[in-house]
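# Architecture and fold: a report
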Amino acid sequence: MPIPIEVPTRPSSTKQHIGRSSRAHGPRSGDAHSLVIRTPHPSEGAQMWTVARDGGELDLNSSYAYLMMARDFATTCRVALSDNEVVGYVLGYCPPERPTHLFVWQVAVRGDQRGRGVAAHMLEHLVTTGDVDALEATVEETNGASRALFASIARKHQAELTWSEGIPAAHFPDGHAGEPLLRISPLR
Ligand SMILES: CC(C)(COP(=O)(O)OP(=O)(O)OC[C@H]1O[C@@H](n2cnc3c(N)ncnc32)[C@H](O)[C@@H]1OP(=O)(O)O)[C@@H](O)C(=O)NCCC(=O)NCCS
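Quick caveat: nothing in here was measured; it's all calculated off a predicted structure. (Residues numbered from 1 in each chain as written. Predicted model: local features only at pLDDT ≥ 70, side-chain atom pairs only at ≥ 80, totals over all residues. Heavy atoms only, no water.)

This part covers the site of the ligand. Close contacts around the ligand come from 22 residues, with V107, G117, N143, S152 and R155 the closest. Within the backbone of V109, a nitrogen or oxygen atom sits 2.8 Å from an oxygen atom of the ligand. Here an oxygen atom of the ligand sits 2.8 Å away from a polar atom, N or O, in the main chain of G117. When the ligand sits alone it has 920 Å² of accessible area, and the protein chains cover 80% of it. A molecule is said to occupy a pocket when more than half its atoms come within 2 Å of that pocket's grid points, and by this definition the ligand occupies the largest pocket. Breaking the shell around the ligand down by element, the ones donating at least two residues are β5 (101–109), α3 (118–129) and α4 (144–156). With 6 residues, α4 is the single largest residue contributor to the shell around the ligand. Of the residues belonging to the shell around the ligand, the class tally is 10 nonpolar, 7 polar and 5 charged. (Near = heavy atom within 4 Å. Polar contact = N/O pair within 3.5 Å; in protein donor to acceptor, adjacent residues only side chain to side chain. Areas by Shrake-Rupley, 256 points an atom, 1.4 Å probe, with all protein chains shown as cover. 1 Å grid on protein atoms, 1.4 Å probe; cavity = no way out; pocket = protein on both sides within 12 Å on 5 of 7 lines; lining within 4 Å. Sits in = over half its atoms within 2 Å of the grid points. Helix = DSSP H or I, 4+ residues; strand = E, 2+ residues; numbered from the N terminus. Nonpolar A, V, L, I, M, F, W, Y, C, P; charged D, E, K, R; others polar.)

This is how it looks when you write it as structure tokens:
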């Protein structure tokens, strides 16, 4: 059964205890011992926008876009909270013509929380609580952290990671680099 979309959900909360990581990348200041990962509340689009803005790496969408995703696509989005503050998010949706594919539009983690598995846990939560058989995303060639994140998901699920053209640079009106599309499947 496809992941239901545009269905109002009561945020399903899964408290995950994520310990300190031995991985070398990412600063550790502000380390919290547990995070809550769940679907966003409608008003939390504002905090998702703030995480995107403060990170400075992503194409920042309008605050309206994050609020709409949190309101109407909460089932396919996730937030990670530390001390009740949003420190990471995934914006996702299921393309209507591929309803069991989860397209990850953006994933971001606040700088002081990186390198401890927050992004991986949010994606894992999405994949395991929905009926997803493939995960898709576009990732610029220069985004090593994002490529490492998706490669890790593929490895964990023993799934194939394939690349296609995605959105070529010529389609962007503003000099944006091309966004190759990755697909991870099958997910079980
Ligand atoms: C990409 C991003 C979301 C990763 O978040 P994170 O919580 O630090 O990632 P995790 O700790 O869950 O790491 C998941 C995997 O990716 C790897 N990884 C994450 N960041 C990495 C980095 N900078 N360099 C190398 N590997 C990295 C981890 O080692 C881990 O792999 P493993 O399971 O094999 O050990 C974060 O760096 C970020 O917010 N970047 C800015 C926004 C962005 O570029 N988003 C992606 C495009 S939409």
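Once that is clear, we can look at the confidence of the model for the protein. Close reading of the predicted structure is inappropriate where its pLDDT is low. Overall, the prediction assigns the protein a mean pLDDT of 86, with 82% of residues at 70 or greater. Confidence over residues 19–32 falls short of pLDDT 50; this stretch has 25 contacts with residues more than four positions distant or in other chains. (pLDDT = per-residue confidence, 0-100. Contact = heavy atoms within 4.5 Å.)

The final tally for this structure, using the stated rule, is 9 salt bridges. For D72, the salt bridge is made with R71, and the minimal N-O distance between the two is 3.0 Å. By relative accessible area, which is 25% here, D72 ends up partly exposed. Close ionic contact of E136 with R183 constitutes a salt bridge, the shortest N to O distance being 3.2 Å. Placement of the pair is E136 in strand β6 (residues 134–138) and R183 in strand β8 (residues 179–185), with a sequence separation of 47 residues. (Salt bridge = Lys/Arg side-chain N within 4 Å of Asp/Glu carboxyl O. Buried < 20%, exposed > 50% of the residue type's maximum accessible area, 1.4 Å probe, protein only.)

Within soluble globular proteins, side chains that are nonpolar generally end up buried alongside one another. Counting 29 residues, the largest nonpolar core has V104, V107, M122, L123, F150 and I184 as the members making the most contacts within it. Elements that contribute at least two residues to this core include exactly β2 (35–38), β4 (85–93), β5, α3, β6, α4 and β8. No other element matches α3, which puts 7 residues into this core. Non-local contacts of L123, meaning those with residues more than four positions away in its chain, are made with V90, V104, L149, F150 and I153. Counting 14 residues, the second largest nonpolar core, distinct from the first, contains M48, V51, A70 and L81. (Core = buried A, V, L, I, M, F, W, Y, C linked by side-chain atoms within 4.5 Å.)

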